[in-house]
Amino acid sequence: MNILHIDSSILGEHSLSRQLSAAIIARLQAAAPGATVQYHDLAAQPLPQFTAAPSAADGAALAGALEQVLAADVIVIGAPMYNFAIPSQLKSWLDALAVPGKTFQYGANGPEGLLGSKRVIIASTRGGYYGADTPMAALEHQESHLRAFLGFLGVTQIEIVRAEGVKVSDAAREQALAGAFEQIGALQAA
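The rules we used
Residues numbered from 1 in each chain as written. Predicted model: local features only at pLDDT ≥ 70, side-chain atom pairs only at ≥ 80, totals over all residues. Heavy atoms only, no water. Salt bridge = Lys/Arg side-chain N within 4 Å of Asp/Glu carboxyl O. Helix = DSSP H or I, 4+ residues; strand = E, 2+ residues; numbered from the N terminus. Buried < 20%, exposed > 50% of the residue type's maximum accessible area, 1.4 Å probe, protein only. UniProt positions renumbered as here; feature names shortened; annotations may be inferred. 1 Å grid on protein atoms, 1.4 Å probe; cavity = no way out; pocket = protein on both sides within 12 Å on 5 of 7 lines; lining within 4 Å. Points joined across faces, edges and corners; volume = space filled by probe spheres on them. Phe/Tyr/Trp six-rings, centres within 6.5 Å; stacked < 30°, edge-to-face > 60°. Nonpolar A, V, L, I, M, F, W, Y, C, P; charged D, E, K, R; others polar. Core = buried A, V, L, I, M, F, W, Y, C linked by side-chain atoms within 4.5 Å.

(A) A look at the pattern of salt bridges. As enumerated under the stated definition, the model contains eight salt bridges in all. Here Arg-18 ties to Asp-7 by a salt bridge, and the two come within 3.7 Å at their closest N and O atoms. Taken together, the residues Arg-18 in helix α1 (residues 16–31) and Asp-7 in strand β1 (residues 2–7) connect sequence positions eleven residues apart. Grouping residues by exposure puts Arg-18 and Asp-7 together as buried. Each member of the salt-bridge network shares a partner with another, and the members are Arg-126, Glu-140, Glu-143, Arg-162 and Glu-164.

Shown next as structure tokens:
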């Protein structure tokens, strides 16, 4: 099993999404000891912004990101919510993945995703509460964006490990993290 581990938080060692994504990787490796892991820290090594005419170096970086995804069986994404959405570094990574003929194609019935065999596990962290049953639901553009984008690319195996309300209070943070780590403990290798 080839695992691609993506982190996008700018908070380094203080990041909860990084803690969760690392725990997911540890769980997957324990369940599948022969698994290999490729790691990309998008905050420390951001991809170039997507442009119509990238330089040779930018084009190589974007192509490298795509190749990592194509080679992966499982993709683990550390995705904190920033200003109701995903970090800009993560958005740049997603932009590098939308390549006609590689990750999707257009046919007689419209677009068709080509990454259907991939499993994606998202380590989602949010300061407040943004679930469908909350007053802030209309401002949730983090998980919904990731689900929609990955779905467009054909990914159907999307799992979200969520720690929500981590800035509400210390008690809410601890409860959210405990729930997330419980979810991680139940993850299966395949």
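(B) Quick peek at the UniProt feature "domain: Flavodoxin-like fold" (unreviewed entry) in the protein. What UniProt calls "domain: Flavodoxin-like fold" (unreviewed entry) maps, in this numbering, to residues 1–185. Along residues 1–185 one finds 37% helix and 23% strand; the C-alpha atoms at either end are 19 Å apart.

(C) Looking closely at the layout of surface pockets. The computed volume of the largest pocket comes to approximately 240 Å³. Looking at the lining of the largest pocket, the elements that each hand over two or more residues are α1 and β6 (119–126).

(D) Local environment of the packing of aromatic side chains. If you walk through the whole model with that rule in mind, you get three aromatic pairs. Ring plane angle 65° and centroid distance 6.2 Å describe the contact between Phe-84 and Tyr-130, whose orientation is recorded as edge-to-face. One end of the pair, Phe-84, is in the loop between β3 (74–80) and α3 (88–97); the other, Tyr-130, is in the loop between β6 and α4 (143–152), and 46 residues separate them in sequence. Accessibility expressed as a relative area gives 31% for Phe-84, which makes it partly exposed. Ring geometry for Phe-104 versus Phe-152: centroids 4.9 Å apart, planes at 50°, classification tilted. Residue Phe-104 is found in strand β4 (residues 104–107), and its partner Phe-152 is found in helix α4; the two are separated by 48 residues along the sequence. A relative accessible area of 6% places Phe-104 in the buried class.

(E) A look at empty space enclosed by the protein. Counted by the stated rule, this structure contains one cavity of 30 Å³ or more. A volume near 30 Å³ is recorded for the largest cavity. Here the lining of the largest cavity is built from residues that sort into eight nonpolar, no polar and no charged.

(F) How the structure looks around the UniProt feature "binding site: FMN" (unreviewed entry) in the protein. Under the present numbering, the feature "binding site: FMN" (unreviewed entry) in UniProt falls on Ser-9, Ser-15, Leu-16, Ser-17, Met-81, Tyr-82, Asn-83, Phe-84, Thr-125, Arg-126, Gly-127 and Gly-128. Within this annotated set, the largest pocket is lined by Ser-9, Ser-15, Leu-16, Ser-17, Met-81, Tyr-82, Thr-125, Arg-126 and Gly-127. Positionally, Leu-16 belongs in helix α1. Taking the relative accessible area as the measure of exposure, Leu-16 reaches 8% and is therefore buried.

(G) Spotlight on the nonpolar core. By size, the foremost hydrophobic cluster in this structure holds 28 residues, and its most contacted members are Ile-75, Ile-77, Leu-90, Trp-93 and Ile-122. Going through the elements one at a time, β1, α2 (56–71), β3, α3, β6, α4 and β7 (157–164) are the ones with two or more residues in this core. Looking at which element gives the most residues to this core, the answer is α3, with five residues. Leu-20, Ala-32, Ile-121 and Ile-184 belong to the second-largest nonpolar core, a separate cluster that totals 21 residues.

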